[in-house]
Amino acid sequence: MAHQKQDEGATAKLTINDIARLAGVSKKTVSRVINRSPLLNRETRDKVEAIIRETGYVPNPQARALALGRNFLIGLIYDNPNAQMVLSMQRGILEALHGTEFELVIRPVDRGSNHVMDDIRGFVTRQRLFGVVVLPPMSENDALMRMLDEQGCRYVRMGSAMLDDPEHMVASNDREAVADAVRHLITQGHRRIGLIAGPHGFRSARERREGFEMALAEAGISLPRSLVADGQYTFESGLSASESLFDLSPRPTAIFASNDEMAAGVLYAARLRGIAVPDELSIIGFDDTPVTTRVWPPLSTVRWPIVAMGRAAALKLIGTAIGEDAEVNEPSMFSSTLIRRGSVAPPAQT
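For clarity, every value in this text was computed on a predicted model and none was experimentally measured. In every chain, residue numbers begin from 1 and rise along the written sequence. Predicted model: local features are reported for residues with pLDDT of at least 70 only, side-chain atom pairs are reported and counted for 80 or more only, and whole-chain, interface and lining totals are derived from all residues. The basis for every side-chain value is the complete set of heavy atoms in the structure, and neither hydrogens nor water enter the calculation.

This next bit is on the pairing of strand β9 (residues 282-287). Buried residues dominate β9, accounting for six of its six residues. Strands were regarded as paired on the criterion that DSSP finds at least two bridges between them. Helix numbering and strand numbering both begin at the N terminus, where a helix is a DSSP run of H or I of at least 4 residues and a strand a DSSP run of E of at least 2. The sheet contact formed by strand β8 (residues 254-257) and β9 spans three bridges and is parallel. Residue pairing in the sheet places Ala254 in a bridge with Ser282 of β9. For the crossover from β8 across helix α12 (residues 260-273) to β9, the handedness is right-handed. Both β9 and strand β10 (residues 300-303) contribute to a ladder of four bridges, which runs parallel. Residue pairing for β10: Gly285 is matched across the bridge by Thr301. Only protein chains enter the calculation, and the probe is 1.4 Å; a residue is then buried if its accessible area is under 20% of its type maximum, exposed if over 50%, and partly exposed in between. By convention, a crossover is right-handed whenever its connection, traced from the first strand over the helix to the second and viewed with the strands pointing away, goes clockwise.

Listed below in structure tokens is the structure:
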């Protein structure tokens, strides 16, 4: 080998500049190799990795963090009752961070607290975060984004509509996706369709309700207030909301629940009432979380690409660490799509 492995004392003194000199490349190129950047050809990557192996060089994240004025930490800020959504987002972010020097720090907050802004400001400054991913409904708070900007903290918002410029956004087409789901119920012959809405103050709840109403209006179907029940994105709220819909006469022949947890609550309530799904009641949820295939019948749902959104959000944040001129071409808009399973059928003939 042209470059013999250093002894422990020498290795400890090696810097990224030394590796760049030995490999005959720039410091930025070495940084890209360390951070698994795709913006390198195979020959250059192999050459730099060979030098790193031969010398025993170990990157010093503390030194790099000191130079950046930030730690190699990505924060995930949320206040959302949908635990499965948060877990899926974590999975996507961790996929993006795998093989890099970055780690994920989770921070639940209480959006109803008078101190929530101070709490987040303290979290960002104490941890010296490189950047944060903010989940709804906190991501809908423009004042929070201004505060993050003032703190010099990069951010990406997740939402059910475009709330910011593409650099700071991963969004989904919830309104149109829900409209498509309701159109599917209508083509099956359903005219009396109930809605279990999401929590007040959530943009996702508003977008999904508007998609629901849009599809009914297109078909000339009225929506009595009695066919709308409020939910909280939890199983228990779906169970409770469906009871009020089942008490109607005539009751709805189909229900769209604004997330899968609530849809599972509807299915459970129907079982308790002896209402056969899908023969007497069709159900569609939203998210496509694992619960949809762990119940019977398996639930039709709108697939929300949360993992892909989480991955893209993290890559938007760490792209600048790969190299100052690195192009970050991650998408900002993601399509949600209807997944048809066993919980929808034409309404029973009366």
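Right, let's talk about the packing of helix α11 (residues 235-246) against α12 for a bit. Only the stretch in contact is used when a helix axis is fitted, and all axes are lines through C-alpha atoms; the angle between N-to-C directions ranges over 0 to 180 degrees. Packing of α11 against α12 brings their axes to within 7 Å, and their N-to-C directions diverge by 50°. When the axes of α11 and α12 are compared, the pair comes out oblique. In the crossing of α11 with α12, the sense of the turn from one axis to the other is right-handed. From α11, Phe235, Ser237, Gly238, Leu239, Ser242, Glu243 and Phe246 reach across to α12, where they touch Glu261, Met262, Ala264, Gly265, Val266, Tyr268, Ala269, Ala270 and Arg273. Charged means Asp, Glu, Lys or Arg here, nonpolar means Ala, Val, Leu, Ile, Met, Phe, Trp, Tyr, Cys or Pro, and polar covers whatever is left, Gly included. For the contact of α11 with α12, the class distribution of residues is nine nonpolar, four polar and three charged. Oblique is the label for any angle not under 35 degrees, not over 145, and not in the 65 to 115 range, which are roughly parallel, roughly antiparallel and roughly perpendicular in turn. Put simply, a crossing is left-handed when the front helix is turned counterclockwise from the back one by less than a right angle, and right-handed when it is turned clockwise. Throughout, a contact is declared for two residues whenever any of their heavy atoms are within 4.5 Å.

A separate point is helix α9 (residues 174-187). A helix's residues, less one, multiplied by 1.5 Å, set its expected span. With 14 residues, α9 should cover 20 Å at 1.5 Å per step; its first-to-last C-alpha distance of 20 Å lies within 8% of that length. Burial in α9 covers these residues: Asp174, Ala177, Val178, Ala179, Ala181, Val182, His184, Leu185 and Ile186. Positive backbone phi, at 110°, marks Gly189, one or two positions downstream of α9.

Turning our attention to the packing of aromatic side chains. In this analysis, rings of Phe, Tyr and Trp, with Trp reduced to its six-membered ring, are considered paired at centre separations within 6.5 Å, and the interplanar angle assigns stacked below 30 degrees, edge-to-face beyond 60, and tilted for intermediate values. One pass over the structure, following the stated rule, counts six aromatic pairs. Ring centres of Phe235 and Tyr268 lie 5.8 Å apart, and the angle between their planes is 55°; on these two criteria the pair is classed as tilted. Taken together, the positions of Phe235 in helix α11 and Tyr268 in helix α12 put the pair 33 residues apart, joining distant regions of the chain. Here the aromatic rings of Phe286 and Trp304 are separated by 5.8 Å at their centres, their planes lie at 70°, and the arrangement is edge-to-face. Here Trp304 lies in the loop between β10 and α13 (306-322) and Phe286 lies in strand β9, a separation of 18 residues in the sequence. Across this residue pair, the class does not change: Phe286 and Trp304 are buried. Three or more aromatic residues link up through ring pairs in this structure, and these residues are Phe72, Phe102 and Phe130. Just above the ring of Phe286 sits the side chain of Arg208; from NZ or CZ to the centre is 3.8 Å. In this structure, Arg208 is placed above the aromatic ring of Trp304, and the distance from its NZ or CZ to the ring centre is 4.7 Å. Charges are assigned to positions over rings by a cutoff of 6 Å between ring centre and Lys NZ or Arg CZ, combined with an angular limit of 35 degrees from the ring normal.

Okay, the environment of Met117 next. Within the secondary structure layout, Met117 lies in helix α7 (residues 116-127). With a relative accessible area of 22%, Met117 lands in the partly exposed category. Residues Met117 and Met147, 30 residues apart in the sequence, show an inter-C-alpha distance of 8.2 Å. When near neighbours in sequence (up to four residues on either side) are disregarded, Met117 contacts Asn141, Ala143, Leu144 and Met147.

Moving on: the pairing of strand β4 (residues 154-159). Each regular strand shows side chains that alternate between the opposite faces of the sheet. Of all six residues that make up β4, five are buried, and the element is covered over most of its length. Alignment of strand β3 (residues 131-134) against β4, held across four bridges, turns out to be parallel. Across the sheet, residue Val132 finds its bridge partner in β4, namely Tyr155. What joins β3 to β4 is helix α8 (residues 142-150), and the crossover it makes is right-handed. Here β4 pairs with strand β5 (residues 169-172) via three bridges, running parallel. Looking across to β5, one finds that Gly159 is bridged to Ala171.

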